[in-house]
Amino acid sequence: MVQTQKLMEKSKAGIRPARVISKVGIIGAGQMGSGIAHVVALSGYNVAINDLKKEAFDKGLEAVSKNLARQIAKGSIQESERDQALERISYAPNLEAFGDCDLVIEAATEDEALKHKIFAALCPHLKPTAMLASNTSSISITRLAATTDRPEDFIGMHFMNPVPLMELVELIRGIATEDETFSTAKAFVESLGKKTAVAEDFPAFIVNRILLPMINEAVYTLYEGVGTVEAIDKAMRLGAHHPMGPLELADFIGLDTCLSVMQVLYEGLSDSKYRPCPLLVKYVEAGWLGRKTKRGFYDYRGEKPVPTR
Ligand SMILES: CC(=O)CC(=O)SCCNC(=O)CCNC(=O)[C@H](O)C(C)(C)COP(=O)(O)OP(=O)(O)OC[C@H]1O[C@@H](n2cnc3c(N)ncnc32)[C@H](O)[C@@H]1OP(=O)(O)O
Ligand SMILES: NC(=O)C1=CN([C@@H]2O[C@H](COP(=O)(O)OP(=O)(O)OC[C@H]3O[C@@H](n4cnc5c(N)ncnc54)[C@H](OP(=O)(O)O)[C@@H]3O)[C@@H](O)[C@H]2O)C=CC1
């Protein structure tokens, strides 16, 4: 806390040190954490990833390796770039390992209490100049920042799935986020070859304020018997030119994440139009979370995905 005190004095005196990002920490090695590690390592940064279990890190690294191979096959990167990127990714066995990080990006499960716990445990190990970011899909950046010892250095850095392919990163300032934090975050994201859109800190920001109610409506369409899983996805793929049908996309995102975002919208905006569809709740309660558990609206355990109802 003393170190942070010094930083606060510097900041008050208006001599906020400009920050250089060279070592990045990521918390959560799931589909987003590993996807973020992929693009950050490929862009030349050293990356340390922490997860609850080393197996999760190993699984994430395997996914990164597979997706780098896809990019080699497409000719978008060289083998040497793949090798260098993989060398830059290391496992952080605990949060102490983030002591030399210039930026730590939290990409753990979409659960506010969990994220608060993570930041409370993380901050004492960080250097005074370290920045914090959350990849949250929907949760208040202001509230997450307030649980840390550095709300001025905290920002929402919302990558899109799959991270190596999606160009956009939403940047969301909490009420306390300082200009220098925002400009450093924007420069960092652009150094990854991404484009930014700035959202105000309101529930689910821009992308998920629009996308998740559409996905929830697709689940209602299924729940009320308006169409089958296949008809709903086919209708939106061929009728609205979506690259994936909404139910296939929900399985891709993760039904737990979809439900969490709808709950944030419902509670945050107090409007019944955001109530999560009971069928979505049921799938999550069954542990059918989509691709990551091999079963959601589709069953992924066979050759081809098969609708589960
Ligand atoms: C929930 C939140 O908080 C916010 C969000 O992220 S919302 C979700 C936003 N994401 C979307 O809407 C995704 C919509 N879907 C898509 O864009 C596409 O279906 C997709 C890019 C995911 C897959 O594309 P596709 O053509 O259907 O499948 P596929 O052929 O497997 O992949 C297309 C190309 O991308 C590559 N690719 C796919 N996934 C990849 C990955 N994760 N990493 C690297 N390359 C990948 C493939 O190698 C393939 O390359 P070629 O065609 O050149 O060989
Ligand atoms: N899925 C998507 O399309 C998108 C998701 N996001 C956001 O990104 C974040 C991560 O989502 P996603 O990658 O899909 O989720 P996943 O479930 O794929 O990955 C979350 C990872 O975090 C791990 N984890 C849980 N608690 C801790 C902890 N205390 N310390 C370290 N790791 C922990 C989980 O481990 P375990 O499984 O063992 O609990 C899991 O490996 C969420 O906030 C989500 O809203 C943002 C954009 C898109």
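This text goes with the structure placed above it.
Residues numbered from 1 in each chain as written. Chains lettered and ligands numbered in written order. Predicted model: local features only at pLDDT ≥ 70, side-chain atom pairs only at ≥ 80, totals over all residues. Heavy atoms only, no water.

Draft legend 1. Up close: the environment of Leu211. Position of Leu211 relative to the elements: it lies in helix 8 (residues 207-223). On the basis of relative accessible area, Leu211 is assigned to the partly exposed category, the value being 23%. Sequence separation between Leu211 and Pro246 is 35 residues; the distance between their C-alpha atoms is 9.1 Å. (Helix = DSSP H or I, 4+ residues; strand = E, 2+ residues; numbered from the N terminus. Buried < 20%, exposed > 50% of the residue type's maximum accessible area, 1.4 Å probe, protein only.)

Draft legend 2. Up close: the site of ligand 2. In the neighbourhood of ligand 2, 25 residues make up the surrounding shell, with Asp51, Glu110, Lys115, Ser137 and Ile253 lying closest. The side chain of Asn135 places a nitrogen or oxygen atom 3.0 Å from an oxygen atom of ligand 2. Surface burial for ligand 2 is 84%, taken as the share of its 890 Å² of free accessible area covered by protein chains. Within the residue set of the shell around ligand 2, elements represented by two or more residues are helix 2 (31-42), helix 5 (112-122) and strand 6 (154-159). Among the residues forming the shell around ligand 2, the class breakdown is 9 nonpolar, 11 polar and 5 charged. (Near = heavy atom within 4 Å. Polar contact = N/O pair within 3.5 Å; in protein donor to acceptor, adjacent residues only side chain to side chain. Areas by Shrake-Rupley, 256 points an atom, 1.4 Å probe, with all protein chains shown as cover. Nonpolar A, V, L, I, M, F, W, Y, C, P; charged D, E, K, R; others polar.)

Draft legend 3. Seen up close, the site of ligand 1. For ligand 1, the set of nearby residues contains 17 residues, the closest of which are Arg70, Lys74, Ser137, Asn161 and Asn208. The contact in question runs from a nitrogen atom of ligand 1 to an N or O atom on the backbone of Asn161, over 2.7 Å. When isolated, ligand 1 has an accessible area of 1,000 Å², and the protein chains bury 66% of it. The set of elements that each furnish at least two residues to the shell around ligand 1 consists of helix 3 (54-73), helix 8 and helix 10 (246-253). Its residues placed into classes, the shell around ligand 1 shows 10 nonpolar, 5 polar and 2 charged. In this structure, the shell around ligand 1 is formed jointly by two domains, domain 1 (20-199) and domain 2 (208-297), each of which donates at least three residues. (Domains from an automatic or database assignment.)

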